[in-house]
Amino acid sequence: MDYSRKISERMWNQPDKGELEAEREQTFIDDIVQKSHIEKELLAHLGGVETAFDGGAGSGRFSILLAKQGIKVTHFDISQPMIDKAKELAEKAGVIDNMTFVKGALEDLSAYADKSFDLVMSFDAPISYTYPNQEKVIGELVRIAKKRIMISVSSRLGSLPYLANPIQKNQFILDENSKDGWVQWCIQAREQMIDGFSFDKENLMKTFEAGLMCDVEETKQAYERGEVPWVITYHFMPDELENILKRNGVKNIEMAGPGAFARTIPNEILVKIMNDPEQKNEFLEFCHMYDSNPYVCGMGKDNLFATGEI
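Residues numbered from 1 in each chain as written. Predicted model: local features only at pLDDT ≥ 70, side-chain atom pairs only at ≥ 80, totals over all residues. Heavy atoms only, no water.

K.L.:
When you look at the nonpolar core in this model, what are you seeing that I'm missing?
P.N.:
Across soluble globular proteins, nonpolar side chains show a tendency to be buried alongside one another. Membership of the largest hydrophobic core comes to 41 residues, with the highest contact counts inside it found for Phe53, Ile127, Leu141, Phe236, Leu241 and Leu245. Contributions of two or more residues to this core are made by α1 (3-12), β4 (117-122), α6 (134-143), β5 (145-154), α11 (216-224), α12 (238-247), β6 (251-256) and β7 (303-309). Among all residues touching isoleucine 127, those that are not within four sequence positions of it are Leu106, Ser122, Gln134, Val137, Ile138, Leu141, Ile151, Val153 and Phe236. The next biggest cluster of nonpolar side chains, apart from the first, holds 24 residues, and it includes Val49, Leu66, Phe101 and Phe123. (Core = buried A, V, L, I, M, F, W, Y, C linked by side-chain atoms within 4.5 Å. Buried < 20%, exposed > 50% of the residue type's maximum accessible area, 1.4 Å probe, protein only. Helix = DSSP H or I, 4+ residues; strand = E, 2+ residues; numbered from the N terminus. Contact = heavy atoms within 4.5 Å.)

Structure follows, in structure tokens:
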């Protein structure tokens, strides 16, 4: 087993992961924007879809959404805590009979035959966590798809600003009084992060060229010491992802960068918009249109979204 898979298993199987992932849309505005974009795309492309595979399905945000539409969904994830949370939420939603839950890694989809599912989807970058096997994983996801594939991966252009803005997440805090540990850390560490920051062009260029923000060897060593490092993450360029999909026979590819518009707006204004239901709905509709423009797709907040036909 390679390090990416081992590190992913250790990180995502922490006991609190299921609960934390299920609450992200109540915690950060960028998650609201991204998931709203994906939901709109999914609901607009369900014609002829009776079965779906959700790879890296987490706590069930989209697998449960499709199950509510009467689709038979295979909820596939590397994390038992997140599968357990998804089962709980599916039970509450009354759709658990439409779902099959499977614990597994995207690096191994050999249990599934070609064209097993009408729709194959994988959102919020689990593909990027399979480095150095990310291209093979995309090929396997396409292989088991019969009609359509929808994925989101880590965006290289969208993520590079992280390295020049250590407080970027503060922009998207929905409620500064949230008890979420990450929210409170972002608030408490803000001045320290600013004081300790210095622009590092060399590091930015290294990430721009390689698509990796972390030092792979250091991450492996941290794992061997028993730590829980962030997973090794590969960040895609838009044309790179499009070409991989084309090589695997995907047609009519459309791409987007969820969060490209929202990242231009300060926190105070974003919070005001989110707290007004009418403004929020109109804002999310405009974000979907804007972020779908090919000229901005690379600057989505975290992810690069792609959909296409088999």
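K.L.:
Whenever I open this one, the pattern of salt bridges confuses me. Can you help?
P.N.:
Two side chains of opposite charge can pair, provided their charged atoms sit close to one another. Tallied over the entire structure, the rule returns 18 salt bridges. The salt bridge involving lysine 169 is made with aspartate 30; its shortest N-O contact spans 2.6 Å. Linking lysine 169 in the loop between α7 (156-159) and α8 (181-188) with aspartate 30 in helix α3 (residues 29-44), this pair joins segments that are 139 residues apart in sequence. Comparing lysine 169 with aspartate 30, the two get one shared label, buried. Ionic pairing is found between lysine 301 and aspartate 302, a salt bridge with its closest N-O pair at 3.5 Å. (Salt bridge = Lys/Arg side-chain N within 4 Å of Asp/Glu carboxyl O.)

K.L.:
Would you mind showing me how to read the pairing of β7 here?
P.N.:
Along a regular strand, successive side chains alternate from one face of the sheet to the other. Buried residues dominate β7, accounting for six of its seven residues. Pairing of β5 with β7 involves seven bridges; the strand directions are antiparallel. Residue pairing across strands places methionine 150 opposite threonine 307, the latter belonging to β7. Pairing between β6 and β7: four bridges, direction antiparallel. Note on β7: the bridge partner recorded for methionine 255 is alanine 306. (Pairing = 2+ DSSP bridges.)

K.L.:
Can you walk me through the packing of helix α13 (residues 267-274) against helix α14 (residues 277-291) in this structure?
P.N.:
The description of two packed helices rests on the angle between their axes and on the distance between the axes. The geometry of α13 relative to α14 is characterised by a closest axis approach of 6 Å and an angle of 115° between their N-to-C directions. Relative to α14, α13 is oriented roughly perpendicular. Only Gln279, Lys280, Phe283 and Leu284 of α14 make contact with α13, whose side of the interface consists of Leu270, Ile273 and Met274. Here the contact of α13 with α14 is composed, by residue class, of five nonpolar, one polar and one charged. (Axes fitted to C-alpha atoms, helices over the stretch in contact; angles between N-to-C directions. Parallel < 35°, antiparallel > 145°, perpendicular 65-115°, else oblique. Nonpolar A, V, L, I, M, F, W, Y, C, P; charged D, E, K, R; others polar.)

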